[in-house]
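Analysis of the macromolecular model
Take a look at the letters that make up each chain.
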Amino acid sequence: MPPIVKIEDLHKIYDSGEVPVHAVRGVSLDIHQKEFLALMGASGSGKSTLMNTLGCLDRPTRGRYLLDGVDVAQLDKNELADIRNQKLGFVFQGFNLLSRTTALENVELPMLYGKRKMSSKQMRERAMHCLEIVGLAKRFDHMPNQLSGGQQQRVAIARALVNEPQVLLADEPTGNLDSKTSIEVMGVFQKLNEQGITIVMVTHELDVAHYCKRNLILRDGVIVRDELVQDRSIAEIELAKLKEAETAAKLLAAGSPAH
Amino acid sequence: MPRRLLQFLLPAAVGALMIALWYGIHAWLSEDLRFLLPTPDAILGAFREHGAELARATLNTGEGALLGWLLAVAVGFALAVGLSLSPLVRLSFYPYLMILQMTPIIVFAPILVLWVGAGLKSVVIITFLICFFPLVVNTTQGLISVDRNQVELFRLYRASRWQELWLLRIPAALPYFFTGLRIAATLAPIGALVGDYTAGSSAGDGGGLGFQTLIYSSQAKYPALFATAAVTCALGFLFVAAVLALSWAALHSWHDSYERNDQ
Ligand SMILES: Nc1ncnc2c1ncn2[C@@H]1O[C@H](COP(=O)(O)OP(=O)(O)O)[C@@H](O)[C@H]1O
Ligand SMILES: [Mg+2]
């Protein structure tokens, strides 16, 4: 099978400022279906720039980018937007949910646009299904301010899934979350990945990257390391361990004699 | 003592103290100056004497205030949407809005009387002119200060400008809009009063509180003048209370400034 993402000698130079910034300096990369990839590297190493290019949000200065076999450089603005909406889903660090709007309506949002014609009942069912996938179906009518950070991010993931993308792109999806909630979100990603969705995420936390299958390290706009994760963490197991430890701590606290 | 009780008792105590002070000052004034500060019971007497007149005037002023305020809301909101469309539009129109805001209403009044005649129409227009600026400025600010990430998300999903306005910008602007609405609500009765004072008419049943103020002061009916002031305050309170209730109803379910207790 051909790779879903293929980039060859990609460069990105920002020359809007006084000095041009060479943010990505010749990256070549194949990502195949069902891969689960973490992009790591220091701040300013070009991770977000690379992700924006993968997401067709920004055009490369030089190099080729084939998304599912289509050369992105040949597309005009509208075609680019179409391919983006068909093939890609986006998750952000700040969850970017609409605050006046329930979880379900937030998930429905991407379906309101574009050409796809669907009845509102169909949209509702589709959105509900995506909320089920992330385990939040019961909270469909909650407003974002009634949900925890982890729950909000899961709603955002459901929103990214609603157009049935092949690739999920996530720039620091756990950046605003505590460690336990991060594991829960990684669990959602692992489940999605098992169902066949390709995931590319940016993180600077090593233990978060350890839930992925493949780790890339970027330095000064160049890939300096690309390796498969050995002995990767499984969110379900880690969460069970955490729960066990919590229960043990509680028992201990309850069992200790009162002074 | 429970807080609730204090909340009620303390203002009541202060009020009683002020009334006592009031009577004290009245008694302390020499006989020929006492008319300057009528006692509360004299003011109540004025209410009894001029009740029907005051009620009618209050209704008239209330009508002018409400209509002018509503007009300001409608026009202000539409103008804010227009201004939010682009920085160029704002640059072009803001100076004129400022000039309009800077011109004292008093100088408009004779012109308005010339154009539309004294009476309700003039009162409504003057109220509108006073209310409309804070509404436009606040609403525009709300419409343009929406989270950039959200805007990018909408563009990413190819939402239309219309969807962006309706689903993103207007909801985000609501808290700002209600701030403008509240400011306008405190200004509306004042605007109607000033309008009535400068461009009102007693033709038919048309006189409002501003007009009564003129009459009572020219007739030296000072307790009635104080009663008119009290009624004006009450009208202002009514307006602000209505807006606060409205804004609570619109915002409490989702906005952070109203915390929700249910899970
Ligand atoms: N829009 C932009 N205009 C100019 N320079 C930019 C822009 N975006 C990023 N950069 C620069 O490109 C480099 C890489 O940034 P980025 O891709 O955001 O790195 P990371 O996400 O790894 O922190 C940085 O030096 C940054 O300052
Ligand atoms: Mg970044």
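Going by the structure above, here's the rest.
Residues numbered from 1 in each chain as written. Chains lettered and ligands numbered in written order. Predicted model: local features only at pLDDT ≥ 70, side-chain atom pairs only at ≥ 80, totals over all residues. Heavy atoms only, no water.

For the rest of this paragraph, the subject is the nonpolar core. With 42 residues, the main nonpolar core has I157, L168, F189 and L192 of chain A as its most contacted residues. Non-local contacts of I157 of chain A, meaning those with residues more than four positions away in its chain, are made with V91, V134, V185, V188, F189 and L192 of chain A. (Core = buried A, V, L, I, M, F, W, Y, C linked by side-chain atoms within 4.5 Å. Buried < 20%, exposed > 50% of the residue type's maximum accessible area, 1.4 Å probe, protein only. Contact = heavy atoms within 4.5 Å.)

Residues and elements named next belong to chain A. Inspection of the sheet shows strand β3 (residues 36–40) paired to strand β9 (residues 214–219) by four bridges, in the parallel sense. Within the sheet, the bridge partner assigned to L39 lies in β9 and is L216. The antiparallel hairpin formed by β9 and strand β10 (residues 222–228) contains two residues in its connecting segment, where D220 sits at a positive phi of about 50°. (Pairing = 2+ DSSP bridges. Helix = DSSP H or I, 4+ residues; strand = E, 2+ residues; numbered from the N terminus.)

Once that is clear, we can look at the interface of chain A and chain B. The interface is formed by 24 residues belonging to chain A together with 21 residues belonging to chain B. In total, about 2100 Å² of surface goes out of reach between chain A and chain B, with carbon and sulfur atoms giving 55% of it. Taken together, the links from chain A to chain B amount to one salt bridge. Here R158 of chain B and D82 of chain A are joined by a salt bridge, their closest N and O atoms 2.7 Å apart. (Buried area = accessible area lost by both parts, 1.4 Å probe. Salt bridge = Lys/Arg side-chain N within 4 Å of Asp/Glu carboxyl O.)

As a further point, take the packing of helix α6 (residues 179–194) of chain A against helix α8 (residues 235–255) of chain A. Residue and element names in this part refer to chain A. The N-to-C vectors of α6 and α8 enclose an angle of 150°; their axes lie 8 Å apart at closest approach. One way to sum up the angle between α6 and α8 is to call them roughly antiparallel. Like other packed secondary-structure pairs, α6 and α8 cross with a definite hand, here left-handed. For the pair α6 and α8, the contacting residues are K180, I183, E184, M186, G187 and Q190 in the first and A235, E238, L239, L242 and E246 in the second. (Axes fitted to C-alpha atoms, helices over the stretch in contact; angles between N-to-C directions. Parallel < 35°, antiparallel > 145°, perpendicular 65-115°, else oblique. Left-handed = near helix turned anticlockwise from the far one by under 90°.)

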